[in-house]
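Descriptive structure summary
As a plain string of letters, each chain reads:
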Amino acid sequence: MNSEIRYRILKAVEEEPQITQRELASKLGVSVGKVNYCLRALMKKGFVKAKNFKNSSRKRQYMYKLTPQGVSERTRVTIAFLRVKSAEFDEIRAEIDRLEAQLTAEEANA
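Predicted, not measured: the structure shown is a model, and the values here were computed from it.

What follows is about the overall build of the protein. Assigned secondary structure in the protein consists of four helices and two strands. When the helices and strands of the protein are placed in sequence order, the string is α-α-α-β-β-α. Rg of the C-alpha trace for the protein: 20 Å, well past the compact-globule value of 13 Å for 110 residues, more than 25% over. For the protein, buried positions account for 25% of its 110 residues. Here the analysis covers contacts within the protein between residues at least 6 apart in sequence; of these, 50% occur between residues at least 24 apart.

This is the structure we're talking about:
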């Protein structure tokens, strides 16, 4: 599981513990199978706990909860995710600056 998926799942579970795997898959734009695989991996590592509960509109549903280790992991992956996205932003900003300079030069020559 890549760090972005890990970050997004941990964040979503923390924000909405009663989210279904199908809802989570839709929110993240991945398959239900991938969400199931990732949640099981996070549970195996002790980052997430799942508890069954009955719900009249949904026969059986799980409530997901971050463990203290899961909160620490979410913080760690948030920092890593932020670094990656900041680097991507810097690259995009530099490309925009180059393109704007190129257009300015072309307009000056026209």
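On we go from here.
Before going further, it helps to spend a moment on the pattern of salt bridges. Counted by the stated rule, this structure contains nine salt bridges. Between Lys-85 and Glu-88 there is a salt bridge, with the nearest N and O atoms lying 3.2 Å from each other. Highlighted residues: Lys-85 and Glu-88, both in helix α4 (residues 68–109), separated by three residues, approximately one helical turn. On the basis of relative accessibility, which here comes to 31%, the residue Lys-85 falls in the partly exposed class. Overall, Glu-88 belongs to the partly exposed group, its relative accessible area being 34%. The network of salt bridges with common partners includes Arg-6, Glu-73 and Arg-76.

If you look at the biggest cluster of nonpolar residues, it comprises 20 residues, and the most contacted ones within it are Ile-9, Leu-10, Val-13, Leu-24, Leu-39, Leu-42 and Val-48. Where this core is concerned, the elements lending two or more residues are α1 (3–15), α2 (21–28), α3 (32–44), β2 (58–66) and α4. The residues contacting Ile-9, other than those within four sequence positions of it, are Leu-24, Leu-28, Cys-38, Leu-39 and Leu-42.

Orientation of α1 relative to α4, taken along the N-to-C sense of each, is 130°, at an axis distance of 9 Å. Our classification of the angle between α1 and α4 gives oblique. Two packed elements cross with a definite hand, and for α1 against α4 that hand is left-handed. Residue-level inspection shows Glu-4, Arg-6, Tyr-7, Leu-10, Lys-11 and Glu-14 of α1 in contact with α4, the latter providing Gly-70, Glu-73, Arg-74, Arg-76, Val-77, Thr-78, Phe-81 and Lys-85.

Definitions and limits used
- Residues numbered from 1 in each chain as written.
- Predicted model: local features only at pLDDT ≥ 70, side-chain atom pairs only at ≥ 80, totals over all residues.
- Heavy atoms only, no water.
- Helix = DSSP H or I, 4+ residues; strand = E, 2+ residues; numbered from the N terminus.
- Rg over C-alpha atoms; globule rule 2.2 N^0.38 Å.
- Buried < 20%, exposed > 50% of the residue type's maximum accessible area, 1.4 Å probe, protein only.
- Contact = heavy atoms within 4.5 Å.
- Salt bridge = Lys/Arg side-chain N within 4 Å of Asp/Glu carboxyl O.
- Core = buried A, V, L, I, M, F, W, Y, C linked by side-chain atoms within 4.5 Å.
- Axes fitted to C-alpha atoms, helices over the stretch in contact; angles between N-to-C directions.
- Parallel < 35°, antiparallel > 145°, perpendicular 65-115°, else oblique.
- Left-handed = near helix turned anticlockwise from the far one by under 90°.

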